[in-house]
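Architecture and fold: a report
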Amino acid sequence: MTKQDILGYIERAPTQQAPSPRPQAPGAIEHPTVEPWPGDRVEPWSRIRKITADHMVLSKRVSAHVASFFEVDFTRVAQLRAKATEKPTFLAYIVKACAVNLRKHPVVNAAVSGDSTIYRAEVNIGIAVALDWGLIVPVIKHADELSLMGIARAISDLGERARTKKLSPDDIQRGTFTITNPGGFGPFAGIPIINQPQVAILGVGAIEKRPRVVTATDGTESIAIRTMGMLTMSYDHRVVDGADADKFLADVKKLLQEFPEGAM
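Description of the structure in this document. (Residues numbered from 1 in each chain as written. Predicted model: local features only at pLDDT ≥ 70, side-chain atom pairs only at ≥ 80, totals over all residues. Heavy atoms only, no water.)

Our focus in this paragraph is the overall build of the chain. Within the chain, the regular secondary structure consists of six helices and eleven strands. Every one of the 264 residues in the chain was classed for burial, and the buried ones make up 42%. Here the analysis covers contacts within the chain between residues at least 6 apart in sequence; of these, 67% occur between residues at least 24 apart. Here the chain has roughly 14,400 Å² of accessible surface; of this, 54% comes from carbon and sulfur atoms. (Helix = DSSP H or I, 4+ residues; strand = E, 2+ residues; numbered from the N terminus. Buried < 20%, exposed > 50% of the residue type's maximum accessible area, 1.4 Å probe, protein only. Contact = heavy atoms within 4.5 Å. Areas by Shrake-Rupley, 256 points an atom, 1.4 Å probe, with all protein chains shown as cover.)

Here is the structure:
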């Protein structure tokens, strides 16, 4: 996404129609046309919808998409939230867990350039925000240097400014890893498309109470009500091997299930 496209997002009203069709530039994304049937309603894409569509098709064309699924017990996080005066969202805990572990797993915090891998020095986590008129991904810069509450406040601030069209161009650039949270709308899990030129994106499924088999310290098993959720990560198999992706997700899961009180 170019700066001109970003500026177009900021300056255009959500209801503005897409510009008239123009000749395709070399290498541009072409979307097949379909004849409408009688009674159908045709609505031209807005600029932000066109940018998103092109970006997603390009990503599937460029990256070798593979996905891993990890179920996470969020009961520990739920207990911490219940005791907290300020209650960070579950998403804030997930961003924090990812930020900590992206430093430990640099291949996930990377980009592909030709036949080389760029290992990013910064950990800048984009948070996908679904709006009535499109999708935008503001970025939490240096997320690994922020506390849990710092991340929670950044998510709230960026989300509000995205909804009110007050993001600056810098707010949606230089991401190194993206998190999308479709679970807020109810789905158990999903497989997101990588946000180019990054190599991985994490999808958060619905977090809800479910029955689960738990094992006590003496080895006995029972069924208990736990707060559970699914994390899905799509990654670029050109540079991220399955073992690398799964080790990263395993460490994220471990931190969320054993999150230290007051330590972050």
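Turning next to the packing of aromatic side chains. All told, the structure shown has three aromatic pairs when counted by the stated rule. Arranged with centres 5.9 Å apart and planes meeting at 85°, the rings of Phe-74 and Phe-90 form a pair that is edge-to-face. With Phe-74 in the loop between strand S1 (65-73) and helix H3 (75-83) and Phe-90 in helix H4 (residues 90-104), this pair connects stretches of sequence that are 16 residues apart. Judged on exposure class, the residue Phe-74 and its partner Phe-90 are both buried. Pairing Phe-177 with Phe-248 gives two aromatic rings, centres 5.8 Å apart and planes at 70°, and the pair type is edge-to-face. Here Phe-177, found in strand S8 (residues 177-180), pairs with Phe-248, found in helix H6 (residues 242-257); they are 71 residues apart in sequence, far enough to count as distant. (Phe/Tyr/Trp six-rings, centres within 6.5 Å; stacked < 30°, edge-to-face > 60°.)

The next subject is the nonpolar core. Counting 55 residues, the largest nonpolar core has Ile-125, Phe-177, Ile-179, Met-233 and Leu-256 as the members making the most contacts within it. Dropping the residues within four chain positions of it, Leu-256 is found in contact with Val-72, Asp-73, Phe-74, Arg-76, Val-77, Tyr-93, Ile-94, Ala-97 and Leu-231. (Core = buried A, V, L, I, M, F, W, Y, C linked by side-chain atoms within 4.5 Å.)

Moving on, we get to the packing of H4 against helix H5 (residues 148-163). Helix-helix packing is characterised by the crossing angle of the two axes and by the distance between the axes. In contact at an axis separation of 9 Å, H4 and H5 are set at 120° when each is read in the N-to-C sense. Taken together, the axes of H4 and H5 lie oblique to each other. Taken as a pair, H4 and H5 cross one another with a handedness that is right-handed. For the pair formed by H4 and H5, the contact residues are Leu-91, Ala-92, Tyr-93, Val-95 and Lys-96 on the first element and Leu-148, Ile-151, Ala-152 and Ile-155 on the second. The residue inventory of the contact of H4 with H5, partitioned by class, reads eight nonpolar, no polar and one charged. (Axes fitted to C-alpha atoms, helices over the stretch in contact; angles between N-to-C directions. Parallel < 35°, antiparallel > 145°, perpendicular 65-115°, else oblique. Left-handed = near helix turned anticlockwise from the far one by under 90°. Nonpolar A, V, L, I, M, F, W, Y, C, P; charged D, E, K, R; others polar.)

Evaluation of the coordinates by the stated rule reveals 16 salt bridges. Arg-163 is the partner of Glu-160 in a salt bridge, and the nearest nitrogen-oxygen pair spans 3.7 Å. One end of the pair, Glu-160, and the other, Arg-163, are both in helix H5, three residues apart, so they sit about a helical turn from each other. The partly exposed category is assigned to Glu-160, whose relative accessible area is 40%. With a closest N to O distance of 3.4 Å, Glu-208 and Arg-210 form a salt bridge. For Arg-210, a relative accessible area of 12% gives the class buried. (Salt bridge = Lys/Arg side-chain N within 4 Å of Asp/Glu carboxyl O.)

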